[in-house]
Structure formats: structure tokens, C-alpha cells
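# Structural features, examined
Here is what each chain is made of, one letter per residue.
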Amino acid sequence: MIIEYRQILIEGTIVTISLAVLSLLLSIVLGLMGAFAKLSQIRGIRRAGSIYTTFVRSVPDLVLMMLIFFGGQTLVSQLGALTGLWGYVEINQFVAGTLTLGFIFGAYMTETFRGAILAIPTGQIEAGKAIGMSPGQIFRIVTWPQMVRFALPSFTNNWLVLVKSTALVSVIGLHDLVWNAFSAGRSTHQLFTFMIAVLVIYLIITGVSDLILRWIDRRYSAGVRRA
């Protein structure tokens, strides 16, 4: 039965992986912005970063997804009606899922990157300034390579949790792996069989991800003596 329905499982897997990767990219951007905001010397920016991380960690992921998917398109449509610039706007399930997961895990990445930046000895950054490096050069040459090494353990955990969290998007109707497997299982009365298939596919995704991230960790840890 799994072989017979393999096409919709493959299609669902592609949607799940695409959703996870795009959400990860968005979360990295938001995480870097949030980390530098929380490390800013300006009180208002620092407070805004704290509000962002506190809000996300206080609200369930599923609630945020419902708010963005249903409430977001209502808000955008009402703004269009008030301004007369556009009519009714329908937010795609894939877009809503990507924005929600990226927004949620951006908060977790914020703490990951902030902790990694704080782990870098301040003397190295001061040395970069002393020899005339620009802020961009300091980030690229001094901060980024070490930040990646310090952040990778927590980053790996966030990524693996993000991959599993993509299953939540099936609630808003996105035809991802979970949705397709559930539909196939319900139509064939073999739901348990298809959920086992989903379990195996997720294990493969996370297993391959772990191998890739271990390779990245070894690359950025070259020349570093382990305790």
C-alpha cells in the first residue's frame, strides 16, 4: 500500500523539506537581527528584542499559526478595504506556515546567536577595531566563524525541532507529508501503516541533517582543541 501511494508521500516530503528550509532561512535572518537587537546599547532596541523572544516563547506554536493564517489575511484584507489599494487577500498555506515557523524559531535563534556572540572573547573584537577593521570586516573575519562554532549545538537542536514542527502546518490545510499520509491512510483504512511511513521519513530527514551539521561542526572546529 505504501508503494502504491508513494507518489503523494514523495510530494508531501518535498513540501515538508521546502517548508523547513525556507523557515530556517527566515529564522536565521530574524535570529541575527534579534541577537544584535538584544546586544544593542540602545535601550529601546534592546527592549524590542526582549519583547520578541518573550512573546514567542509564551504563546503556543499552533495558536500563532492560526493567528497568522486566519487573522493575518483578515487584517490585510481590511487594510486594503480601508485604503482602497487592494481587495480581498488570501494567504497561501505554504506562505503562512513559512512565516509562522520562521517567526517562531527566529526567537529561538536569537538566543542561540546571542549566547554564541557573548562567548567570543571581547579582546578579539577590540583588537580588530584597533587595527582599523570596519564593523563588516570584524563580523566576517572575527565574529562569524567563532559564532558559528559556538552556536552549532543549539542551532542543530533548533533545526531538528523545526523539522518536526512542520507537521503543525497540516492543521491549516497544507498538503505536506503528514496531510498526504493522513489522507491516504484514512482512504485505505490503514492509518497506522502510513503514520509509520511518516515516522521513518522524518527519521531519515533528521538523520541526514545531523550528519551534515556534524560535518559543518568539524569544519568550523578545525584547529580547536577539544576539552
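Further up the page is the structure itself.
Residues numbered from 1 in each chain as written. Predicted model: local features only at pLDDT ≥ 70, side-chain atom pairs only at ≥ 80, totals over all residues. Heavy atoms only, no water.

## Some remarks on the side chain of threonine 110
Put simply, the rule reads: The helix and strand labels rest on DSSP assignments: H or I over at least four residues marks a helix, E over at least two residues marks a strand, and numbering proceeds from the N terminus. When accessible area is computed with a 1.4 Å probe and restricted to protein chains, residues below 20% of their type maximum are described as buried, those above 50% as exposed, and intermediate ones as partly exposed. Here a polar contact is taken to be a pair of N or O atoms separated by no more than 3.5 Å, where protein atoms must pair a possible hydrogen donor with a possible acceptor and residues adjacent in sequence count only if both atoms sit in side chains. The contact criterion used throughout is that any non-hydrogen atoms of two residues lie within 4.5 Å.
For threonine 110, the location among the structural elements is in helix H4 (residues 93-119). Take threonine 110: its relative accessible area is 0%, and that puts it in the buried class. Within the structure, the side chain of threonine 110 is placed 2.7 Å from the backbone oxygen of glycine 106, a separation counted as a polar contact. What threonine 110 contacts, discounting residues up to four positions off in sequence, is Leu30, Gly31, Gly34, Ala35, Lys38, Tyr52 and Thr53.

## Focus on the packing of helix H7 (residues 177-188) against helix H8 (residues 191-220)
For clarity, the cut-off: Here, axes are lines fitted to C-alpha atoms. For helices the fit covers the stretch in contact, and angles between N-to-C directions go from 0 to 180 degrees. What sets the label is the angle itself: under 35 degrees gives roughly parallel, over 145 gives roughly antiparallel, 65 to 115 gives roughly perpendicular, and the rest give oblique. Two helices cross in a left-handed way if the nearer one is turned anticlockwise from the farther one by less than a right angle. They cross in a right-handed way if the turn is clockwise. Gly is placed with the polar residues, together with every amino acid not listed as nonpolar (Ala, Val, Leu, Ile, Met, Phe, Trp, Tyr, Cys and Pro) or charged (Asp, Glu, Lys and Arg).
The interhelical angle for the contact between H7 and H8, taken along N-to-C directions, is 160°, at an axis separation of 7 Å. One way to sum up the angle between H7 and H8 is to call them roughly antiparallel. Considering the relative orientation of H7 and H8, their crossing is right-handed. Residues Leu177, Val178, Ala181, Phe182, Ala184, Gly185, Arg186 and Thr188 of H7 pack against Leu191, Phe194, Met195, Val198, Ile201 and Tyr202 of H8. For the contact of H7 with H8, the per-class residue count stands at eleven nonpolar, two polar and one charged.

## Details of the packing of aromatic side chains
As a reminder of what qualifies: Working definition: rings of Phe, Tyr and Trp (its six-membered ring) pair if their centres are within 6.5 Å, and the pair is stacked with planes under 30 degrees apart, edge-to-face with planes over 60 apart, and tilted otherwise. Criterion for a charge above a ring: Lys NZ or Arg CZ within 6 Å of the ring centre, and within 35 degrees of the ring normal.
Scanning the entire structure with this criterion turns up five aromatic pairs. An angle of 50° between the planes, with centres 5.9 Å apart, marks the rings of phenylalanine 139 and tryptophan 144 as tilted. Judged by relative accessible area, tryptophan 144 falls into the partly exposed class, the value being 30%. Three or more aromatic residues joined by ring pairs make a cluster, and in this case those are Phe36, Phe139 and Trp144. Here the guanidinium or amino end of arginine 149 rests over the ring plane of phenylalanine 150, the centre of that ring lying 4.5 Å away.

## Description of the nonpolar core
Worth spelling out the cut-off: By nonpolar core we mean a set of buried residues, namely Ala, Val, Leu, Ile, Met, Phe, Trp, Tyr and Cys, connected to one another through side-chain atoms within 4.5 Å.
Ranked by internal contacts, the top residues of the largest apolar core, which has 44 residues, are Phe113, Met147, Phe155, Trp159 and Val169. Contributing elements (two or more residues each) for this core: helix H1 (6-38), helix H2 (43-58), helix H3 (61-83), H4, helix H6 (135-165), H7 and H8. Ignoring any residue separated from it by four or fewer positions in sequence, one finds methionine 147 in contact with Leu32, Phe113, Ala116, Ile117 and Ile120.

## Re a nonpolar patch on the surface
Going by this rule: Patch rule: a residue counts if its relative accessible area is over 30% and it has no salt bridge; like charges are joined within 9 Å, and nonpolar side chains (Val, Leu, Ile, Met, Phe, Trp, Tyr) within 5 Å. Here, Shrake-Rupley sampling with a 1.4 Å probe gives the accessible areas, and only protein chains in the shown set may cover a residue. For this document, the term salt bridge refers to a Lys or Arg side-chain nitrogen within 4 Å of an Asp or Glu carboxyl oxygen.
Together, Phe192, Ile196, Leu199, Val200, Leu203, Ile204, Val208 and Ile212 make up a nonpolar patch on the protein surface, roughly 760 Å² of accessible area in all. A relative accessible area of 65% means that phenylalanine 192 is categorised as exposed.

## Quick notes on the environment of isoleucine 3
With respect to the secondary-structure elements, isoleucine 3 resides in the segment before H1. Here the alpha-carbon distance between isoleucine 3 and tryptophan 215, two residues 212 residues apart in the chain, equals 33 Å.

## A look at the environment of phenylalanine 105
For phenylalanine 105, the location among the structural elements is in helix H4. By relative accessible area, phenylalanine 105 is classed as buried at 1%. Once you skip the residues sitting within four places of it in the chain, phenylalanine 105 turns out to touch Ser27, Asn158, Val161, Leu162 and Ser165.

## Re H3
Just so we agree on the cut-off: Multiplying one less than the number of residues by 1.5 Å gives the expected span of a helix. Bend at a given residue is defined as the angle between two axes, one fitted to the seven residues that end at that position and one fitted to the seven that begin there.
With 23 residues, H3 should reach 33 Å at 1.5 Å per residue; the first-to-last C-alpha distance of 31 Å fits that figure. Of all the bends in H3, the greatest, near 35°, is centred on glycine 71. Along H3, the residues classified as buried are Asp61, Leu64, Met65, Phe69, Gly72, Gln73, Ser77 and Gly80. Those residues of H3 that are buried lie in contact with H2, H4 and H6. Just downstream of H3 lies glycine 84, where phi reads positive at about 75°.

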